[in-house]
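# Coordinate analysis (summary)
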Amino acid sequence: MSTTMKRLTAEQVQTFQQDGYLVIPNLLAPSEVEALTQNFMQVHARGRVPGYFEPVPADQANGDILKQYPRIMHPHRFNDMALRYLLDPRLGNILEDLFGEEPLAAQSMLYFKPAGGKGQALHQDNFFLRVEPGTCIAAWIALDKVDRENGGLEVVPGTQNMGICCPEEADESVSFTKDYVPIPEGLQAVPVDMEPGDVLFFNGSLVHGSQPNTSRDRYRRSFICHYIGRSSERMSLWYRPILTMNGEEVSIAENTDGGPCGTEFGMAGPH
């Protein structure tokens with residue numbers, strides 16, 4: 001099974017433009033998925049990394065498993081394997097085709113989402129990244145089998161063509177985040193089931209989210225990276241410095257605009 005891919009076809013680029021997302025199956029080999037999974041489980045086992053990973057002991061988590069297994073934010077800033085996959089040339093080639101220009105790496109995240117973990121309410125990534133002009137693109141790498149039971153992603157095709165939607169308050173009994181973007185009239189959420197090693201690319205304006213992990217004993221681990229195009233001029237403070245796909249730092253202005261909803265400015269950290 002090949003784990004290399006030179007370029008997207010015209011049909012794949014068209015699918016991304018029409019739907020706002022594209023799944024590339026088997027981009028990572030099983031051995032790579034296993035290595036990434038073990039790497040991040042070791043990060044968890046070692047414990048707190050100030051500013052990036054802040055787990056809470058079980059006896060202080062008040063029954064919230066995500067407090068014991070929170071997201072790892074920007075692991076590429078302290079973990080060599082995370083940096084290597086953030087800048088993986090297979091991702092870079094695809095992103096260049098999707099952006100139509102050189103991609104720049106802005107963020108990495110690791111979601112553990114163990115059994116019982118809450119979902120994340122429907123939202124738009126560029127509400128947080130505030131990339132202008134243009135938007136960001138996410139590369140969402142599945143490290144476990146992703147389905148409805150363990151809280152796989154749902155996307156709303158068509159919303160990639162909309163501007164930033166002002167969110168409502170999410171149901172915090174099922175979402176670990178507070179912002180919720182309702183599905184626009186005439187559109188619907190589509191589940192995206194994936195196998196380990198599959199990569200989902202999606203537009204930063206695409207409304208997406210997930211339900212809780214209702215499985216008995218399964219994780220839904222995913223390594224997620226965000227990128228912007230070289231022509232972007234400004235973005236949120238929390239994603240700088242950004243990197244070329246060769247690992248060189250690039251300067252970009254801070255976007256200090258509060259955005260159309262007046263709530264993005266002053267956020268205490270990255271999305």
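Heads up: the structure comes first, above all this text.
The paragraphs below set out a description of the structure included in this document. (Residues numbered from 1 in each chain as written. Predicted model: local features only at pLDDT ≥ 70, side-chain atom pairs only at ≥ 80, totals over all residues. Heavy atoms only, no water.)

### A closer look at unusual backbone geometry
The linkage connecting E132 with the following residue, P133, adopts the cis geometry, with an omega of -15°. As for its placement among the helices and strands, P133 is situated in the loop between α6 (126-129) and β5 (136-142). The phi angle at N62 is positive, at roughly 55°, despite the residue not being glycine. For N62, the location among the structural elements is in the loop between α2 (30-46) and α3 (65-68). On the accessibility criterion, N62 (69% relative accessible area) is exposed. You will see that R130, though not glycine, has its phi angle at about 55°, which is positive. One can find R130 in the loop between α6 and β5. By relative accessible area, R130 is classed as buried at 5%. (Helix = DSSP H or I, 4+ residues; strand = E, 2+ residues; numbered from the N terminus. Buried < 20%, exposed > 50% of the residue type's maximum accessible area, 1.4 Å probe, protein only.)

### Thoughts on the packing of aromatic side chains
Using the criterion set out here, one finds seven aromatic pairs in the structure. Consider the rings of F127 and F128, whose centres lie 4.9 Å apart with planes at 85°: the pair is edge-to-face. Taken as a pair, F127 and F128 share a single burial class, namely buried. Joined through ring pairs, the aromatic side chains of F53, Y69, F112 and Y219 make up one cluster. Above the ring of Y219, the side-chain terminus of R221 is found at 4.2 Å from the ring centroid. (Phe/Tyr/Trp six-rings, centres within 6.5 Å; stacked < 30°, edge-to-face > 60°. Lys NZ or Arg CZ within 6 Å of the ring centre and 35° of its normal.)

### A word on the pairing of strand β3 (residues 103-111)
Within β3, nine of the nine residues are buried, leaving the element largely enclosed by the surrounding structure. Across two bridges, strand β2 (residues 72-73) lies against β3 in antiparallel orientation. Residue pairing for β3: I72 is matched across the bridge by L110. In terms of strand pairing, β3 meets strand β12 (residues 222-229) through eight bridges, oriented antiparallel. (Pairing = 2+ DSSP bridges.)

### Quick notes on the sheet that holds strand β6 (residues 153-156)
Strand order in this open sheet of four strands is β4-β11-β6-β9, and the pairing throughout is antiparallel. Edge strands, defined here as strands with exactly one partner in the open sheet, are β4 (120-123) and β9 (190-191). Where β6 and β9 come together, two bridges link them in antiparallel fashion. Note on β9: the bridge partner recorded for E154 is P191.

By themselves, these figures tell us nothing about what the structure is for.
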